[in-house]
Amino acid sequence: KPFAYAKTVQTVCPYCGVGCTLNLKIIDNKITDIYSTEGNVNDNLLCVKGRFAYDFVSSPDRLTTPLIRKNGVLEEASWEEALNLVAEKLKEAKAEGPQAVAGLSSARCTNEDNYVFQKFIRTVGETNNVDHCARLCHASTVAGLAKSFGSGAMTNSIDEVDLMDVMFVTGSNTTETHPVIGAKIKQRQQKGAALIVAEPRKIELAKYADVYLQIKPGTNVPLLNGMMRAILDAGLEDKNFINERTEGYAAFKEFMDTLTVEGCAEICGVDPEDMRKAALLYATKDKGGIFYSMGVTQHKTGTDGVMSTANLAMLTGKIGREGCGVNPLRGQNNVQGACDMGALPGDLPGYQKTANPEVVEKFEKAWDVKLPQNAGKTLTEIINGVGDGTVKFLYVMGENPVVSDPDTNHVKHALEKANFVVVQDIFLTETTEYADVVLPAFVYAEKDGTFTNTERRIQLLRKAVEAPGEAKNDWEIISLIAQKLGAKGFDFNSAEEIMDEIASVTPSYTGVSHERLRNGDRIQWPCLSKDSEGAKFLHAEKFTRGLGAFMIADYIPPEDQADEKYPLILMTGRILQHYHTRTMTMRTPGIEEIAGDPFVEINPETAKEYDINEGDFITVTSPRGNVSAKTRFNKGIMETNLFMPFHYGNSGANHLTGGELDPIAKIPPFKVVKVNISK
Ligand code: SF4
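Residues numbered from 1 in each chain as written. Predicted model: local features only at pLDDT ≥ 70, side-chain atom pairs only at ≥ 80, totals over all residues.

As recorded in an unreviewed UniProt entry, the chain goes by Formate dehydrogenase subunit alpha and comes from Acetobacterium wieringae. The Sequence similarities (unreviewed entry) comment attached to the chain in UniProt states, word for word, "In the C-terminal section; belongs to the prokaryotic molybdopterin-containing oxidoreductase family." (UniProt positions renumbered as here; feature names shortened; annotations may be inferred.)

In structure tokens:
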């Protein structure tokens, strides 16, 4: 009988940047099952999150009404009361000047939500203080690949893995963090392609690798420089490609001539012969792709690491051809889209720079407003501004900085001092504890809109269920506040209308429309016209910037070095079962059963030194704080290293992280944290 009411709705996975197509099985306004489909990217594959972690949608914990803090307690309020209060506080803050308002947008909201959010902060908030969690994951990709190639995105499509003769995976635990891409890499390796893996932990892919380089954390730059030195020594550089398609090679070569493979290998802690073997394997195969993630980006030298991957691809001519490229694997489902939509302080939609007067004039005309002149603050600067009182009004849409940002104690202290904080979310989170107003929003299954996955593919979300209580669409909430303040340009009736506006101001999205996606068109940006499917791979005839630029990147040691007081180095990261700060995945009992507890991975030999048994609770202490968690033994982690997932608010690995930011991308160093442990 119940199945008589079933319907199936095709949409996109709300978790990682792979962007798998999901079929949601709906009975009585509830998701009862999810199954895979041929889809655009996943060929019937799904990981445990996409397949099973859907209980959060109908969770009784969902926010259903606006909440206003009164006498220290969040109390239910009407939309009218909540929106009036937010509008009034925003008006008050604006009177303090252009740095007094700031917004954190969201990589788990749609393109349409992100577009409206950044437009709201810029035109109603009159400031460029808008950023989102890309600052914590791939800001160095956006900055580094923009310098080398002119645009910061995955250059290949996921299905080009099937064409590669060699795959070089560095700083990415792909089978856990991008499981479907990890599976495709393994499938390709089984069909005979070579696999090189460089990663401080012996991850699953290392078992399949022809060469596995267990590098010390924070040594990506010397790893790539050493491999390039080996390629030059063997005369395997692609001279034609270098001459015809690049610039800056002479200075780069001069720098490379100061290095040796042995010297680089010593810094990385690997055998120089293994480094040579990896380099020659990569250089001698015809088609090859580099895949990297936050093991490369989350460092004080993240931008240098990214530019070094670009140098390696250009040196061997493995870019701009099908099956050849540099592939940053974006973490969250729509982190690519949130960047594309201009949820970044220095970029309007389509990476059009706020510092370019022609760009500003174009948007002023399109939006019929005067745009702010200030240089916007980044995420970490916004939190600092909240703490020092320069930011008086903070709007957080779908982010949980209390768990995700570095140096949790610092974030909490800043938010404790905050003048006014609005959080728009689907659940109460660690961050709503500091909110003055909480606004209930839709989840992915309640929305129409689009996500852009890691391979630049724009995909359609379809509404499958009704939202609980009085929750609203993210873009609608923002538009209502804008309208209360008399702003023009927020009278949208649908996500489709918003996409039409996006297409009109964003060159790389010119050909995108919901209608085309509904009709089954497959679109990857840049899509410059309505009859184009966009680009399967980037930089085919020329780089986005014209010539590809060789950039010199020398080794700069991480700020944190093991010492007597803190003799171990901690890396943080993600695990297969959880997404970001667990607000969604922890509400699926099966997921919690297998991955409900935080843990610290430690080499059994290290544990022996400290008289620790597997499963013992230990305290991990860094110069910034301490946390406790159970130990889990892993022989594949170096004796000098530890690993902790950052997902768990209840243990909070980010109490330990922090330190000097990458000077260009302003990304924090999550991967090299000096710590001590005690039982
Ligand atoms: Fe696919 Fe990623 Fe979702 Fe897993 S989490 S189903 S790999 S999109």
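More follows now that the structure is in view.
(A) Inspection of the overall build of the chain at higher detail. Along the backbone of the chain there are 24 helices and 28 strands. Here the C-alpha atoms of the chain give a radius of gyration of 24 Å, agreeing with the 26 Å that 2.2 N^0.38 yields for 679 residues. A burial count over the chain gives 59% of its 679 residues as buried. Relative to all contacts within the chain whose residues are 6 or more apart in sequence, the contacts with residues 24 or more apart total 73%. (Helix = DSSP H or I, 4+ residues; strand = E, 2+ residues; numbered from the N terminus. Rg over C-alpha atoms; globule rule 2.2 N^0.38 Å. Buried ≥ 20, exposed ≤ 12 C-beta atoms within 10 Å, placed from the backbone. Contact = placed C-beta atoms within 7 Å.)

(B) The arrangement of the sheet that holds strand E28 (residues 673–678) in detail. Read once around its circumference, the closed barrel built from six strands follows the order E23-E27-E24-E26-E25-E28, with strand pairing classed as mixed. Across the sheet, the mean angle from the axis of one strand to that of its neighbour is 45°, orientation sign disregarded. In this structure, strand E25 (residues 617–622) lies alongside E28, joined through three bridges in antiparallel fashion. Looking at E28, one finds that Val-620 is bridged to Ile-677. (Pairing = 2+ DSSP bridges. Axes fitted to C-alpha atoms, helices over the stretch in contact; angles between N-to-C directions.)

(C) Layout of the environment of Arg-108. If you trace the backbone, Arg-108 turns up in the loop between strand E6 (101–104) and helix H3 (111–123). Sequence separation between Arg-108 and Glu-96 is 12 residues, and the spatial gap between their C-alpha atoms is 31 Å. When residues no more than four places from it in sequence are discounted, the contact partners of Arg-108 are Pro-14, Gln-332, Asn-333, Asn-334 and Gly-398.

(D) Expanded view of the domain arrangement of the chain. Assigned domains of the chain: these are domain 1 (2–58), domain 2 (67–136 + 336–524), domain 3 (150–329) and domain 4 (568–678). Spacing between the C-alpha centres of domain 1 and domain 3 amounts to 34 Å. With eight residues of domain 1 at the contact, the number on the domain 3 side is eight residues. (Domains from an automatic or database assignment.)

(E) Just the confidence of the model for the chain, in detail. Looking at the chain, the pLDDT average stands at 92 and 99% of residues meet or exceed 70. If you check the scores for this complex, the pTM reads 0.92 and the ipTM reads 0.99. (pLDDT = per-residue confidence, 0-100.)

(F) Molecular detail of the environment of Leu-461. Mapped onto the elements, Leu-461 comes out in strand E20 (residues 457–461). Judged by the 27 C-beta atoms lying within 10 Å of it, Leu-461 is buried. C-alpha of Leu-461 to C-alpha of Tyr-444: the two residues are 17 residues apart in sequence and 7.3 Å apart in space. If we ignore the near neighbours within four places in the chain, the residues touching Leu-461 are Thr-11, Val-12, Thr-110, Tyr-444, Lys-447, Asp-448, Gly-449, Thr-450 and Phe-451.

(G) The packing of helix H17 (residues 379–388) against helix H19 (residues 408–416), seen in detail. Where H17 contacts H19, the two axes come as close as 7 Å, and the packing angle between them is 45°. Judged by the inter-axis angle, H17 sits oblique to H19. The handedness of the crossing between H17 and H19 comes out as left-handed. When H17 is examined against H19, the residues Ile-383, Asn-384, Val-386 and Gly-387 are found in contact with a partner set consisting of Val-411, His-413, Ala-414 and Leu-415. Split into classes, the residues belonging to the contact of H17 with H19 amount to five nonpolar, three polar and no charged. (Parallel < 35°, antiparallel > 145°, perpendicular 65-115°, else oblique. Left-handed = near helix turned anticlockwise from the far one by under 90°. Nonpolar A, V, L, I, M, F, W, Y, C, P; charged D, E, K, R; others polar.)

(H) Structural context of the site of the ligand. Near the ligand, the surroundings consist of 13 residues, among which Cys-13, Cys-16, Cys-20, Cys-47 and Gly-50 are the closest. Elements with a contribution of two residues or more to the shell around the ligand: helix H1 (48–52) and helix H7 (179–190). Split into classes, the residues belonging to the shell around the ligand amount to nine nonpolar, three polar and one charged. (Near = placed C-beta within 6 Å.)

(I) Helix H10 (residues 249–256), seen in detail. For H10, the set of buried residues is Tyr-249, Phe-252 and Met-256. For H10, the buried positions fall inside an angular range of 65° around the axis, keeping them on one side. Away from its buried face, by an angle of more than 90 degrees, H10 presents the exposed residues Ala-250, Ala-251 and Glu-254. For H10, the secondary structure elements touched by its buried residues are helix H8 (220–233), helix H9 (239–245), strand E11 (246–247) and helix H14 (302–315). (Arc of directions from axis to C-beta.)

(J) Quick look at the sheet that holds strand E21 (residues 523–524). Read across the open sheet, the three strands follow the order E19-E20-E21; overall the sheet is antiparallel. Lying at the two open borders of the sheet, with one neighbouring strand each, are strand E19 (449–452) and E21. The sheet contact formed by E19 and E20 spans four bridges and is antiparallel. Paired with Phe-451 across the two strands is Gln-459, which belongs to E20.

(K) Seen up close, H19. Burial in H19 covers these residues: Thr-408, Val-411, Lys-412, Ala-414 and Leu-415. Along the axis of H19, the buried positions cluster into a sector of 160°, meaning they face one direction only. On its buried face, H19 sits against H17, helix H18 (401–404), strand E17 (421–425) and strand E26 (625–633).

(L) Focus on unusual backbone geometry. Cis rather than trans, the peptide bond between Trp-525 and Pro-526 has omega equal to 0°. In this fold, Pro-526 is placed in the loop between E21 and strand E22 (548–549). With a phi angle near 60°, Asn-29 is a residue other than glycine that sits in the positive phi range. Summarising the element assignment, Asn-29 is placed in the loop between strand E2 (21–27) and strand E3 (30–35).

(M) Focus on the pairing of E25. Bridge count between E25 and E26: six bridges; the pairing is antiparallel. By the bridge assignment for E26, Ile-618 is matched with Ala-629. In textbook terms, the turn of a hairpin is the stretch between consecutive antiparallel strands, and for E25 and E26 this stretch comprises two residues.

(N) Geometry of the nonpolar core. Judged by nonpolar contacts, the single largest core of 177 residues is most densely connected at Ile-196, Met-227 and Met-275. Within the second largest apolar cluster, 23 residues are counted, among which are Leu-568, Ile-612, Ile-637 and Val-673. (Core = buried A, V, L, I, M, F, W, Y, C linked by C-beta atoms within 7 Å.)

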